[in-house]
Structures are given as C-alpha cells and as structure tokens.
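Per-entry structural report
So the chains spell out like this:
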Amino acid sequence: MDSATATPPATPPALLSALQRIRQGGPASWGRPLAIAAAGAGLAVAAVAVTRPPRPPLQRPLPVAVVMAQPVSRYLTSRDYTGEVVAGRSSSLGFELPGTLERVLVEEGDRVVAGQPLAHLDRRRLRAQRQQLLAQRDVARAAVEEVRQQLTLAELQRDRRRQLHAQGAISREDLDQQIHGSAALRSRLVQAEAQVDDAEARLRQIDVDLARSVLVAPFDGTVSRRRLDEGVVVSGGQALITLVESAPLEVRVGVPPDAARGLRPGQRHPVRIGDRRLQATVSALLPELDAGSRTATVVLRLPAEDLPVGATARLSLRRSETGAGFWLPTTALVAAERGLWSVYVLEPADTAPEQGRRVVRRLVEPLHSEGDRSLVRGTLRPGDRVIAAGTHRVVPGVRVQEAP
C-alpha cells in the first residue's frame, strides 16, 4: 500500500499517558514510563497484527474426466473406399446402315422399354426396291408354273412314246427326241425356280435393311443423350443416342488386394451414396488390378433405387485385426516431441483425497483411429486412469481430481 495514503493505527491511551510523563519529568522519570511505553507499543503491534486480512483458502484440484485403460488383443477396423455408381449396361446406339435421319422419337430423359423404336432413317428407297423385287419374284413364279406345266405335258408324251416304241409303232429317234425335250424343260424349271429363290432372298435382305433402318432400344433404360437431329446424313455405326440401363445399378470400387481377398460374391456390405445408406451385394471381383492405382476392382449390385449414374459411392469394409492395445478417446491424445504422442495419467493418491492426484505423462503409439476413438499401445498399464478430455488445461506434475 502507498505510504502517502495509508492510515496509521490508533495509539492506545496508556501509551499517550506515558509519553506525557516523560516530557514533564525529564530523564529521571523515564524508567517506569518507558516500561509502560514498551507495553503500549506491544499492544499497538498486536493491534496491527489483529487488523491484517486473513489468508485466502487453498484452491481445490481441477476436476477432470477420466477413463480406465482396458487392454484388447483383437479389434475390428472399418475403412472406407471410394467408387462410382455405374449402370449395369450403357450403350451408344446408332444405325448399321448409312442414310438420312428421318425422325428421332425420343428426347433426353425419356424412359424406354426393350424393343421400343427410338429413331428411323428415310426408307423410301428400300421400299421401292422391295416393290421391284416383289414384281420380279411374281414373274419368276409365273415362269416356274408355265415351265412346270410344259414339263408335265412333255413327260406324259414321253411315257406314251415309250409305249408306242415298245409296240414298234414309232422309231427310236422319235422317242429320243421326246426324252430330250422333257429333260430340257426340267432344266428350264430348275432355272426358273432359282430365279424365284434369288428374288425371295433379295426380298429378305431388303426386309432386314428396313428393320435395320429403325433404331430400337436393346434393353429397358433412360435416354441420357441425344446427339443428332432430323435431316442429318449418318454413316453406319455413328452414335445417335446414349441409353443407360435403368436398374439394377452397380458400384465399382477399387480396394487394396489384401482387402479384396476377404470378399466373396453374395456378401452384403454398407455403401453410402450422398445421404443414403444402402446394402450392396458383391457380384464380381475383377481378376486384373487397375494399372494406375494397383487396386482390385469390386463390383457391387445396388438395390433398385433412383440414383444418379456417376455419383460417388463409399464402401465400408470391416476387418478383424490382431494386436494388443488400448481403446481411448481421441481427445485423450496429446502431441509430444519428435512426432510422438502421449496421454496424461493420474498417479495413485499419495495425500488426502481432497488434495487430488498428480498428473504424469505416458508415451503411446496410435495404431488405428475409428470415429472418435483410437487404439494405442505404449507405456500404459491396465487399469491406468487416463484423462479423457481437456488435456490442454493440465500439465505433468499438476494435481487434479477425478470428476464424478
């Protein structure tokens, strides 16, 4: 306190009386008054001592939340692997034949069924060729019928001449001429029938070309892209429409080879797509590793859901691991020197309970993290009481108290 503003303690009455006697009597009268003055001074010191403020009470140890270290020898790990939602089938459709695109019957986003027409070419030339071939075939059939009738008549005459020759009524030459005429007619009949067959074969080809000039959906799906419009001259094989199969969708995920060895077709695993959590079924494990990532591709079939193709999917795989350690809250870990980690542990009580326990540091090594907990190993002992949270408020050596 500043001396200029401090208020001195009051002087006792006995001390004031002794000082007055000393001033009146001189040195000879100083003995007893001095004793009285000394006694008064003692009383003044005692009064000053009594007026001092009391000491503040001792602060209680800081309460902390603790967990008990329990050892484990096996544990389950969960790892997420990223993949992509793909359609079971996705095709870029086009015409096999070149021609002029006459009409497109669908738009992007339309749902179609297998066999539904999607577009067609200008088919007028093919139809005209078909009519021409129909006429040629009809002429060829008429010719066949005419030659067949002539052949029937010629064979009857041949048989009759054989009877006449046997009776000696005609010469052998007349019989031979009739036999030759019948054979010639048979040859003409074969040629006429071949012309009919050729016309019918060309008609079948025209029918095939007419069918190929109509683009149909090979499976149920959704039109994801329309590339061309009417009036465009397209070439054979040029992509016109992209069709994506509606369902079921698939997820393709790349996982490490050692994780893929534990997967089997038919197993079900959780898959997260956006905010949806689904159960997908393993349908295939591709035998070749991806050349870029060196991972094995796992194909999983999704339930029939309205999901966007190309969306990101996350596959969660759980595995049983062997290893001794302790599960602790991740908030209990404290960064130490040289990249190490540590935890704060309460020593056994060495004083009265109200004075708390001393904090010591134990070095640990994180083995695996999962959510808000971590598996560690190190200098921990079973039963150690580890500070679970608020480690930034304590340091080794300070005394704390376990919170209820």
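Reading guide: rules and limits
- Residues numbered from 1 in each chain as written.
- Predicted model: local features only at pLDDT ≥ 70, side-chain atom pairs only at ≥ 80, totals over all residues.
- Heavy atoms only, no water.
- UniProt positions renumbered as here; feature names shortened; annotations may be inferred.
- Helix = DSSP H or I, 4+ residues; strand = E, 2+ residues; numbered from the N terminus.
- Buried < 20%, exposed > 50% of the residue type's maximum accessible area, 1.4 Å probe, protein only.
- Contact = heavy atoms within 4.5 Å.
- Areas by Shrake-Rupley, 256 points an atom, 1.4 Å probe, with all protein chains shown as cover.
- Pairing = 2+ DSSP bridges.
- Salt bridge = Lys/Arg side-chain N within 4 Å of Asp/Glu carboxyl O.
- pLDDT = per-residue confidence, 0-100.
- 1 Å grid on protein atoms, 1.4 Å probe; cavity = no way out; pocket = protein on both sides within 12 Å on 5 of 7 lines; lining within 4 Å.
- Points joined across faces, edges and corners; volume = space filled by probe spheres on them.
- Nonpolar A, V, L, I, M, F, W, Y, C, P; charged D, E, K, R; others polar.

If you look the protein chain up in an unreviewed UniProt entry, it shows as Efflux RND transporter periplasmic adaptor subunit from Cyanobium gracile UHCC 0139. Under Sequence similarities (unreviewed entry), UniProt gives the following word-for-word description of the protein chain: "Belongs to the membrane fusion protein (MFP) (TC 8.A.1) family."

The helix and strand inventory of the protein chain stands at five helices and 22 strands. Across the 404 residues in the protein chain, those meeting the buried criterion constitute 32%. Contacts spanning at least 24 positions in sequence make up 73% of the contacts within the protein chain whose residues lie at least 6 apart. By element, 52% of the accessible surface of the protein chain is carried by carbon and sulfur atoms, the whole surface being about 25000 Å².

This brings us to the UniProt feature "coiled-coil region" (unreviewed entry) in the protein chain. In the numbering used here, UniProt assigns the feature "coiled-coil region" (unreviewed entry) to residues 123-157 and 182-209. A distance of 41 Å separates the end C-alpha atoms of residues 182-209, which is 100% helix and 0% strand.

Here we take up the sheet that holds strand E11 (residues 241-245). The strand order across the open sheet formed by four strands is E4-E11-E9-E6, and the pairing between neighbours is antiparallel. Of all strands in the sheet, those bounded by a partner on one side alone are strand E4 (90-93) and strand E6 (111-112). In terms of strand pairing, strand E9 (residues 221-226) meets E11 through five bridges, oriented antiparallel. Pairing of Val 223 across the sheet is with Leu 243, part of E11.

All right, on to the pattern of salt bridges then. Across all of its chains, the model carries 23 salt bridges by this definition. A salt bridge links Arg 130 to Asp 207; the shortest N-O distance between them is 2.5 Å. On the criterion of sequence distance, the pair formed by Arg 130 in helix H3 (residues 124-167) and Asp 207 in helix H4 (residues 172-212) is long-range, its members being 77 residues apart. For Arg 130, a relative accessible area of 27% gives the class partly exposed. The partly exposed category is assigned to Asp 207, whose relative accessible area is 31%. For Glu 200, the salt bridge goes to Arg 141, with nearest N and O atoms at 2.6 Å. On the criterion of sequence distance, the pair formed by Glu 200 in helix H4 and Arg 141 in helix H3 is long-range, its members being 59 residues apart. Each of Glu 107, Arg 226, Asp 229 and Glu 230 takes part in one network of salt bridges that share partners.

Moving on to the pairing of strand E12 (residues 249-255). Along E12, five of the seven residues are buried, which leaves the element largely enclosed by surrounding structure. As paired elements, strand E3 (residues 71-87) and E12 share five bridges and run antiparallel to each other. Each bridged residue has a counterpart across the sheet, and for Val 86 the counterpart in E12 is Glu 250. Bridge count for E12 against strand E15 (residues 296-301) is six bridges, and the pairing is antiparallel. Note that in E15 the partner of Val 251 across the bridge is Leu 300.

Topologically, Leu 367 is positioned in strand E19 (residues 357-370). Considered as a pair, Leu 367 and Phe 326 are 41 residues apart in the sequence and their alpha carbons are 9.6 Å apart. Sequence-distant contacts of Leu 367, defined by excluding residues within four places in its chain, comprise Ala 324, Leu 375, Val 376 and Arg 377.

Here we take up the sheet that holds strand E10 (residues 233-234). Strand order in the open sheet made by the four strands is E8-E7-E5-E10, with antiparallel pairing throughout. Two strands lie at the open edges of the sheet, namely strand E8 (214-216) and E10, each paired on one side alone.

Turning our attention to the confidence of the model for the protein chain. Overall, the predicted model of the protein chain reaches an average pLDDT of 83, with 85% of residues at or above 70. Taken together, the stretch residues 1-9 has pLDDT below 50 and engages in two contacts with residues farther than four places along the chain or on a different chain. Here residues 26-31 is modelled with pLDDT under 50, and outside its nearest four sequence neighbours on either side it reaches three contacts, counting other chains as well.

Another aspect to go through is the layout of surface pockets. Its volume calculated, the largest pocket comes out at about 220 Å³. Lining the largest pocket are twelve residues, with Arg 111, Thr 222, Ser 246, Asp 306 and Leu 307 sitting closest to its centre. Mapped by element, the contributors of at least two residues to the lining of the largest pocket are E9 and E11. Within the lining of the largest pocket, the residues separate by chemical class into five nonpolar, three polar and four charged.

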